[in-house]
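Structure assessment
Residues per chain, in single letters:
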Amino acid sequence: MELKRQWLSDHSLKQKLLRWVNLRPEESERTFLMFAFYTITSIGLVWFEASTVALFLQKYNAEDGLPWIYIASAGIGSGLGFVYSQLQKVLPLRRVLVLTALLMAVPLLLFWFGLDNQSSLWGASVIAITIFLMRLWLEAVYVLNDLNTSITANQLFNIREIKRTYPLISSGILVADVISGFSLTFLIAWVGLKNVVAMACLMMIIGAGILFYLSQSYQQAFPDSLRRTSEDRLSEFANRRLQGPLRRYVVLLFTFFVLAQVLLLLIDFQFLRQLQLFGNAGTIAQFLGQQNSDAAIASFLGWFSAILGVCELAMQWLASSRVIERIGVFATAMLLPGMIAILGIVAMTIAPTGWVLGLFVSLVVLKFLDELLHYTLFASLGPVLFQPIPDSMRSGIQSVVRGIAEPLSTGATGLALLVLVWFSRNTSLGDVGVNWLLPVVVGLSLLWLLTIGLLRSKYVGLLVMSAERGQLSGDVDLRELKRAVIEALDQPGTDVHKGSCIELLSQLDHKNVGEVLAPLLAKLSPGLQRKSLEAMLASPNPAYLEQVRSLIDQSPSPEVLAVALRYVWLTEDEPDIRQLRPYLRPEVDSVVRGTAASLMMRRGSPTQKAEATNTLRFMLTHKQEKERVMGCRALGEAVYLQALRLYIPDLLQDESLRVRCALLEAIASTHLEEFYPSLLRGLYYKSTREAAMQALVRLENDAIPMLVELAEDTHKPELVRLHAWRAIGQIGTLEALDALIAHLMTAWGTDRRSILRILLEMPRDLGIDSVSDRLGRRGIERLIDHELMFVGQLYAALLDLTPTQVWGREADLLRRSLRDLQADAEERLFLLMKFLYPIGSIKAAAFNLQSNSRSSMARGLEILDNTLDIPSKRALLSLLDRNSDLDKLQSLSDLMSYEPMAPSDRLRHLLDLRHFLSDWSLACCFHLARQARWSLTPEQTIACLRHPRGFVRESVLAYLKMASPRALMRLLPMLTHDPDPLVADQVQTIMREFASNSAKTVNQTAERGNNVINFPNRTGLEPI
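Model, not experiment: these values are computed from the prediction. (Residues numbered from 1 in each chain as written. Predicted model: local features only at pLDDT ≥ 70, side-chain atom pairs only at ≥ 80, totals over all residues. Heavy atoms only, no water.)

Counting its secondary structure elements, the protein contains 47 helices and zero strands. Across the protein, contacts joining residues at least 24 apart in sequence account for 74% of those joining residues at least 6 apart. Carbon together with sulfur atoms contributes 57% to the accessible area of the protein, which is approximately 46,600 Å² in total. (Helix = DSSP H or I, 4+ residues; strand = E, 2+ residues; numbered from the N terminus. Contact = heavy atoms within 4.5 Å. Areas by Shrake-Rupley, 256 points an atom, 1.4 Å probe, with all protein chains shown as cover.)

Below is the structure:
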């Protein structure tokens, strides 16, 4: 089964379009269908909102109705979330999604009938109740639509796909604002305001139809199992403990989002209150040239939404990311409350003058800018603000903060407005009480600014703590990070803490690291000075030479002085090499002396190079280990080794491990190609393996061909080949990634498992993204299918080689080896799944499936059922479940067909798949064939006789001794010098046995063997 084919044909226009919107071909249909669903449904929602608000303002006073709406909506959000979760316990998710989309639309038909009750006795009351329920349902529909869209997108796309696809999907609401806003005036003129509700219902039903098509076309993306109550994320989060800075940061986050929601509601209340006053006065109808004030308000809201939508689209697509990048996260966050405070003060200034039109215009501008910035810049800041929180807690905290802050603040705001209106009407305050809302808005906006300032200080502290623990991932604000590093280095603290800050900064912004570190050099400890200078050396800049020279004048420690000298004399355009001569004296520390000598060899005159060469020759032949180590390190910093090459062979055999390791690094630094084999030999020994790997990684692309050749050589030790693959992974260039991915497609068994682990362990998901870019989702799915088909072959063999059909120790060993191969294949399947889905979910599923408890296994299968969306999902879940071998094999019927075979035929079929079997399984096959006296083909026998593992060749020889002694007699002379001592000893033993037997016995055995296996009639075989 394949994922649905793309609805766009393959041509250049399609490719350009997909590149422009940052999509991949296999994502295009799902993305555009989701965009269509969200846009069409949102168009209906905007029509429904405009007509509802217009009718509500005409039927109810904004001061009377809106507070109750806010209070009720607080319960609606949490109530609908509860109902939504309960539905998932009784219905599959895809049915819940479609049913929810239909339930959003069906009440609109009832509202439409309720609005057409003018002639009945209770018509006015029914209409009033209908309008109030419409306003309540409007809040509910927005909650349900956002919930439905986000859950559907999370099911259709994995965690990496959704980063590309969801920005396009979420912009559907902005497109809907534009389309519905501009069309609403003409729609009202065509069908009337009340009938707009029916048109909105029709659009939402069309959206539900698109969602139904999605759920049917991509059934594999939705779990069949029902949701369990024990896995409630909020209850799981409630048990976690938040302590210290993290607790304070979460409290500030909670306050941040509460203030944002409260201000949004207060501005909305003031805007609708003024809109009602102008609508009742007929000003809006007169301005729009309409007679009906209800239709005029709806048309005004439509035009308002349309213009706002155009600006939001332009802001979201063209400006949001650039603004955040240019001025930083927290400066961007301050734009919204700062703008609210300024415009609020303007409205407060206008209000006492009695200029009603000016107050209305100022509130319209305030509402416009609040909506514009809230749903563009503000919406983009959320993920960054949650970035300092550890990965294991981030999603839970984000769900609680966003899921509780907004409903609670909505309810509290509605209650406060209700109390304020009551005081205004029942006390001497009058309208003064309601007019105090503008100062409240200004005060809350200033409080919001203060909260952002406090959040900023906690943000940078947690950011540095996360970096220290290695828990930092994703995008961070470099401006805030630099400020955090400066503050951390200025304040008292441990060198470990400050060192982690320097290391983090050098990783994220290595080109501009000197901008932060150079002014602080004099204040740092010697260890931090050295670390800072080494970080600055990655991108040396002449602008910081004065700070480094002043550090040299302070007579720092030898280690710091050596790095500072290297920075100065490598950064200056025309350095005065003569100033290095005093550092060549024997009494100078060897660290500084070696650095000065290497710099002179790099940039000095011939005379100076000769002087430096003599210094290094003295160091390389010195009796003290430190002198030789520093001399070897200095070799790595020099460009031309000249006569010093003569000392390298002896130094490679030096008794000191530190000297040998330093020399391996020097070979890589100076690119001495004739000594590259020494780097590879270093991988064979535990003592030099790490140094050899670092040296090979330093060679980058130059090392890839010889590392690939070593890793491909099956005659080399497995551990050496593994470290060759790891070295390629640590190189991390495009060429290295290409080499790993190319071999991922052809390798099997241990090699494939090693390559998968290396790619998954690469920092910043580099390996995962590279595999996704080069293979695509379908390429990874094909690898999963290959593993499943291989597992199917194993189950077929187990069914045909049951203990009732084949018995004995050899048969038991083969069956056990096949079970081990099955476990290895399952491990590779879990590794492959990590390229498509969150690693944490796959790890949790694997952990639960390893348990002997049925409940734990069920939990693991449910995690996979709710996570996977591959076409072979059902087959994979069946394999991992506690089903019989026959049931598991039948679940793979879409990938392979099973036909029962005789045990001997099945064994020969297994040997045809020998490239996929493990070495031990191959040996077991030959031992079973020998024990059961089954015939094997010459091709299988000869191929396995060339196998790189000695115990496999040993099993083949044992089989040939039984099956074809004559052929074995011709082969034995070629095997007398076998590299494996056990095989060579076995050959000698067999030759002695043959020599001791009589010619008649040999001939009889040979004749009997020739009936089993027939080798080509020639005098000799090809060398093995």
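Under the defined criterion, the tally for this structure stands at 28 salt bridges. For E827, the salt bridge identified is with R753, shortest N-O distance 3.5 Å. On the criterion of sequence distance, the pair formed by E827 in helix α36 (residues 809-833) and R753 in helix α34 (residues 750-760) is long-range, its members being 74 residues apart. Its relative accessible area of 22% is what places R753 among the partly exposed residues. The network of salt bridges with common partners includes E718, R721, D751, D919 and R949. (Salt bridge = Lys/Arg side-chain N within 4 Å of Asp/Glu carboxyl O. Buried < 20%, exposed > 50% of the residue type's maximum accessible area, 1.4 Å probe, protein only.)

Here we come to the confidence of the model for the protein. Residues with a pLDDT of 70 or more make up 81% of the protein, whose mean pLDDT is 77. The model gives residues 1-10 a pLDDT under 50, and that stretch makes 29 contacts with residues more than four places away or in other chains. Note that pLDDT drops below 50 for residues 998-1003; the model gives that stretch three contacts with residues more than four away or on any other chain. (pLDDT = per-residue confidence, 0-100.)

This brings us to helix α30 (residues 686-699). Look at α30: 21 Å from first C-alpha to last across 14 residues, which is about the 20 Å you get at 1.5 Å a residue. Buried within α30 we find T688, R689, A691, A692, M693, A695, L696, V697 and L699. Residues of α30 that are buried make contact with α28 (657-670), α29 (676-682), α31 (704-712) and α32 (718-731). One or two residues past the end of α30 sits E700, with phi positive at roughly 55 degrees. (Expected span 1.5 Å × (residues − 1).)

This next bit is on the packing of aromatic side chains. Scanning all chains against the criterion turns up seven aromatic pairs. Taken together, a centroid distance of 5.1 Å and an interplanar angle of 85 degrees make the contact between F256 and F257 edge-to-face. Judged by relative accessible area, F256 falls into the buried class, the value being 2%. What makes F257 buried here is its relative accessible area of 3%. Taking 5.3 Å as the distance between ring centres and 80 degrees as the angle between the ring planes, the aromatic pair formed by W748 and F790 counts as edge-to-face. With W748 in the loop between α33 (734-746) and α34 and F790 in helix α35 (residues 766-800), this residue pair connects regions lying 42 residues apart in the sequence. Each member of the pair W748 and F790 is classed as buried. These aromatic residues form a ring-pair network of at least three members: F256, F257 and W448. In this structure, R828 packs its charged tip against the face of W748, placed 5.0 Å from the ring centre. (Phe/Tyr/Trp six-rings, centres within 6.5 Å; stacked < 30°, edge-to-face > 60°. Lys NZ or Arg CZ within 6 Å of the ring centre and 35° of its normal.)

Turning our eyes to something else, we now look at the nonpolar core. What tends to happen in soluble globular proteins is that the nonpolar side chains get buried as a cluster. Counting residues in hydrophobic clusters, the biggest one holds 181 residues, and the most contacted among them are M536, L707, L759 and L864. Here this core takes 14 residues from α35, the largest share from any one element. In this structure, L759 is in contact with L737, L740, I741, L744, G767, I768, V771 and F835, ignoring residues within four places of it in sequence. I76, I151, A208 and V250 belong to the second-largest nonpolar core, a separate cluster that totals 118 residues. (Core = buried A, V, L, I, M, F, W, Y, C linked by side-chain atoms within 4.5 Å.)

For the rest of this paragraph, the subject is the state of the cysteines. Across all of its chains, the model carries zero disulfides by this definition. Its sulfur unpaired, C924 is 7.2 Å from the next cysteine sulfur, which belongs to C925. (Disulfide = S-S within 2.5 Å.)

Right, let's talk about the environment of D589 for a bit. Along the chain, D589 falls in the loop between α23 (558-571) and α24 (590-603). Looking at D589, the relative accessible area reads 27%, which means it is partly exposed. As a C-alpha pair, D589 and A562 span 27 residues in sequence and 9.6 Å in three-dimensional space. Not counting residues within four places of it along the chain, the set of residues in contact with D589 comprises P558 and K626.

A few words on a nonpolar patch on the surface. A cluster of nonpolar residues, F182, F186, W303, I307 and V310, forms a patch on the protein surface that exposes about 460 Å² of accessible area. Taken together, the elements giving at least two residues each to the nonpolar patch come down to α7 (172-191) and α12 (293-327). When residues in the nonpolar patch are grouped by element, the largest group, three residues, is from α12. On the accessibility criterion, F186 (57% relative accessible area) is exposed. (Patch = residues over 30% accessible without salt bridge, like charges linked within 9 Å, V, L, I, M, F, W, Y side chains within 5 Å.)

Its identity as a non-glycine residue notwithstanding, H671 has a phi of 55 degrees, on the positive side. Along the polypeptide, H671 turns up in the loop between α28 and α29. If you check the backbone angles, E700 has positive phi at about 55 degrees while not being a glycine. Along the chain, E700 turns up in the loop between α30 and α31. We classify E700 as partly exposed; its relative accessible area is 43%.

Moving on, we get to the packing of α31 against α33. Remark: α31 packs on α33, axes separated minimally by 11 Å, with the N-to-C direction vectors making an angle of 20 degrees. In this view, α31 runs roughly parallel relative to α33, as classed from their interaxial angle. Seen from above, α31 lies across α33 with right-handed handedness. On α33, the residues touching I704, V708 and E712 of α31 are E735, A736, A739 and H743. Of the residues assigned to the contact of α31 with α33, the class counts are four nonpolar, one polar and two charged. (Axes fitted to C-alpha atoms, helices over the stretch in contact; angles between N-to-C directions. Parallel < 35°, antiparallel > 145°, perpendicular 65-115°, else oblique. Left-handed = near helix turned anticlockwise from the far one by under 90°. Nonpolar A, V, L, I, M, F, W, Y, C, P; charged D, E, K, R; others polar.)

Our next topic: the packing of helix α2 (residues 25-59) against helix α8 (residues 193-217). Where α2 contacts α8, the axes come no closer than 8 Å and their chain directions differ by 160 degrees. Put simply, α2 runs roughly antiparallel to α8. You can see that α2 and α8 cross each other, and the crossing is left-handed. For the contact of α2 with α8, the residue count by class is 23 nonpolar, four polar and one charged.

So, on to the environment of Q155. Here Q155 lies in helix α5 (residues 123-156). Here the alpha-carbon distance between Q155 and Q220, two residues 65 residues apart in the chain, equals 9.4 Å.

With that out of the way, let us pick up the environment of G604. Mapping G604 onto the fold places it in the loop between α24 and α25 (606-620). Here G604 falls in the buried class, since its relative accessible area comes to 14%. Separated by 24 residues in sequence, G604 and L580 have C-alpha atoms that sit 9.9 Å apart. When neighbours within four sequence positions are excluded, G604 is seen to be in contact with I577, L599 and K609.

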